[in-house]
Amino acid sequence: MRAWVGYGGTFDPIHNGHLAVALAVRDRLDVDVHLVPASDPPHKSATHADARHRLRMVELAVAGERRLKVDRRELARGTPSYSIDTLREVRGEVGPRTPLVWVIGADSLAQLHRWHRWRELFDVAHLLAVGRPGFPLDPDGLAAIDAGLAAEVAPRLLPPDRLLETPAGGLALLPMDPPRSESSTEIRAAIADGGAWAPQVPPPVAAYINRHRLYARTDPA
Ligand SMILES: Nc1ncnc2c1ncn2[C@@H]1O[C@H](COP(=O)(O)OP(=O)(O)OP(=O)(O)O)[C@@H](O)[C@H]1O
Ligand SMILES: O=C(O)c1ccc[n+]([C@@H]2O[C@H](COP(=O)([O-])O)[C@@H](O)[C@H]2O)c1
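All figures in this text were calculated on a predicted structure; none of them were measured in a lab.

Peer 1: Before we go on, may I ask you to explain the overall build of the protein chain in this structure?
Peer 2: A count of helices and strands for the protein chain gives ten helices and six strands. On C-alpha atoms alone, the protein chain measures out to a radius of gyration of 17 Å, which is about the 17 Å that the 2.2 N^0.38 rule sets for 221 residues. Over its C-alpha atoms, taken along the principal directions, the protein chain stretches across nearly 55 × 40 × 35 Å. Here the protein chain holds 221 residues, and 38% of them are scored as buried. For the protein chain, contacts bridging at least 24 residues in sequence account for 76% of all contacts bridging at least 6.

Okay, here's the thing in structure tokens:
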């Protein structure tokens, strides 16, 4: 295997911004991208749709998309979905020399210093951070958030194309062109409030949400 590239998320629901990120990474690195739905995302108090629905929506979103795959390992594990655990498990499977890349959005990068054993992530994998409106994607912007975070990541910066030259340890920044404004929180709110939301998700995902009445406001009894 040339490289293993994973993109984790709650995907509650998956939206066109997620899909655009996965496609941009696939095309920039010329790799398969594994979408990894989280069972129990560490920094979210609760998920809204249950894991079975979130998984099905991810499967529907990637069906027919070349080189996009679904990796169910975090759902099978059931414990908090710490990325370090997922990446160590994958590292055990692919061996020490295969490049391993974990894709995160710029909002996740800005919170990386709060992740479980976050410095160890770089022992196991590269991180590839993609642009998201409203969040910095540069060392100065990160320094304004947390000096320790910026000091850890600045020496690790590499162009995206160079990530696949080594197994782990780098951070690459990939601006989205155009940036994607979709957010699962806003989509859930629009569904509950009767606003426009369907164009922000792949059509089979919109049909699934409607069929199962996901995210609808439950009327008080
Ligand atoms: N519009 C977007 N552009 C770039 N990255 C994104 C975008 N939406 C989500 N991501 C990234 O995708 C990953 C999974 O995101 P997640 O499933 O939490 O969706 P979300 O839209 O951020 O959800 P929520 O609004 O519920 O927090 C995260 O690393 C996040 O930073
Ligand atoms: O490992 C951690 O401590 C950690 C903290 C926050 C988020 N993550 C992972 O980052 C991915 C995006 O998380 P979220 O909450 O934005 O959907 C998902 O795979 C999470 O499991 C991981």
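Picking up after the structure, the text goes on.
Peer 1: Is there a simple way to think about the site of ligand 2 in this case?
Peer 2: Near ligand 2 you find 16 residues, and of these Gly8, Thr10, Ser81, Trp115 and His116 are the closest. Here the residues of the shell around ligand 2 are counted per class, giving seven nonpolar, eight polar and one charged.

Peer 1: Whenever I open this one, the site of ligand 1 confuses me. Can you help?
Peer 2: By nearness alone, 18 residues border ligand 1, and Gly9, Gly17, Gly105, Ser184 and Thr185 come closest of all. Counting residues per element, the ones that place at least two in the shell around ligand 1 are helix H1 (16-29), strand E4 (100-105), helix H5 (106-109) and helix H9 (184-193). With three residues, H1 is the largest single contributor of residues to the shell around ligand 1. Of the residues in the shell around ligand 1, the class split is four nonpolar, nine polar and five charged.

Peer 1: It is not clear to me how unusual backbone geometry should be interpreted in this structure. Could you clarify?
Peer 2: A negative phi angle characterises most non-glycine residues, just as the trans form characterises most peptide bonds. Across the junction of aspartate 12 and proline 13, the peptide omega takes the value 5 degrees, indicating a cis bond. Take proline 13: it is sitting in the loop between strand E1 (4-9) and H1. Note the cis peptide between aspartate 177 and proline 178, where omega equals 0 degrees. Along the chain, proline 178 turns up in the loop between strand E6 (171-174) and H9. Although it is not a glycine, phenylalanine 11 sits at a positive phi angle of roughly 50 degrees. Counting through the fold element by element, phenylalanine 11 comes out in the loop between E1 and H1.

Peer 1: Looking at this structure, how should I read the UniProt feature "domain: Cytidyltransferase-like" (unreviewed entry) in the protein chain?
Peer 2: Look at the UniProt record and you will see "domain: Cytidyltransferase-like" (unreviewed entry) annotated at residues 7-189. The span residues 7-189 is 39% helical and 14% strand by assignment, and the distance between its end C-alpha atoms comes to 24 Å.

Peer 1: Please explain the sheet that holds E4 as it appears in this structure.
Peer 2: Within a beta sheet, neighbouring strands are joined by backbone hydrogen bonds and run either parallel or antiparallel to one another. Taking strand neighbours across the sheet as the criterion, the six strands line up as E3-E2-E1-E4-E5-E6 in an open arrangement whose pairing is parallel. Two strands bound the open sheet, and with one partner strand each, they are strand E3 (68-70) and E6. The sheet shows a mean angle of 30 degrees between the axes of neighbouring strands, direction not considered. Each of E1, strand E2 (33-37), E3, E4, strand E5 (126-130) and E6 touches H1; the most contacted strand, E1, lies at about 170 degrees to it. Of the strands in this sheet, E1, E2 and E4 are in contact with helix H4 (residues 83-94), which crosses E4 at around 155 degrees.

Peer 1: For this particular structure, what's the right way to read H1?
Peer 2: In an α-helix there are 3.6 residues to a turn, and that puts residues three or four apart on one side. In this model H1 runs 20 Å from its N-terminal to its C-terminal C-alpha over 14 residues, within 8% of the 20 Å that 1.5 Å per residue would give. Within H1 the residues assigned to the buried category are Gly17, His18, Leu19, Val21, Ala22, Ala24, Val25 and Leu29. In the stretch just after H1, aspartate 30 is the one whose phi turns positive, near 60 degrees.

Peer 1: Sorry if this is basic, but what is going on with the confidence of the model for the protein chain here?
Peer 2: In low-pLDDT segments, the atomic positions of the prediction should not be examined closely. Looking at the protein chain as a whole, its pLDDT mean stands at 95, while 99% of the residues score no less than 70. Taken together, the chains of this predicted complex give a pTM of 0.97 and an interface ipTM of 0.99.

Peer 1: When you look at the packing of helix H2 (residues 51-62) against helix H10 (residues 203-212) in this model, what are you seeing that I'm missing?
Peer 2: Helix-helix packing is characterised by the crossing angle of the two axes and by the distance between the axes. The contact between H2 and H10 brings their axes to 8 Å, and the two run at 150 degrees. When the interaxial angle is binned, H2 and H10 end up roughly antiparallel. By crossing handedness, the relation of H2 to H10 is classed as right-handed. Side by side, H2 and H10 meet where His53, Arg56, Met57, Leu60 and Ala61 of the first sit next to Pro204, Val205, Tyr208 and His212 of the second. Grouping the amino acids of the contact of H2 with H10 by side-chain chemistry returns six nonpolar, two polar and one charged.

Peer 1: What is the right way to read the nonpolar core from this model?
Peer 2: One broad trend across soluble globular proteins is that nonpolar side chains are buried collectively. Val25, Val103, Ala125, Leu128 and Ala129 are the most contacted members of the largest nonpolar core, which totals 51 residues. At six residues, H1 tops the list of elements feeding residues into this core. Apart from residues lying up to four places away in sequence, alanine 125 is in contact with Leu87, Leu100, Val101, Trp102 and Ala168.

Procedures and definitions
Residues numbered from 1 in each chain as written. Chains lettered and ligands numbered in written order. Predicted model: local features only at pLDDT ≥ 70, side-chain atom pairs only at ≥ 80, totals over all residues. Helix = DSSP H or I, 4+ residues; strand = E, 2+ residues; numbered from the N terminus. Rg over C-alpha atoms; globule rule 2.2 N^0.38 Å. Buried ≥ 20, exposed ≤ 12 C-beta atoms within 10 Å, placed from the backbone. Contact = placed C-beta atoms within 7 Å. Near = placed C-beta within 6 Å. Nonpolar A, V, L, I, M, F, W, Y, C, P; charged D, E, K, R; others polar. UniProt positions renumbered as here; feature names shortened; annotations may be inferred. Pairing = 2+ DSSP bridges. Axes fitted to C-alpha atoms, helices over the stretch in contact; angles between N-to-C directions. Expected span 1.5 Å × (residues − 1). pLDDT = per-residue confidence, 0-100. Parallel < 35°, antiparallel > 145°, perpendicular 65-115°, else oblique. Left-handed = near helix turned anticlockwise from the far one by under 90°. Core = buried A, V, L, I, M, F, W, Y, C linked by C-beta atoms within 7 Å.

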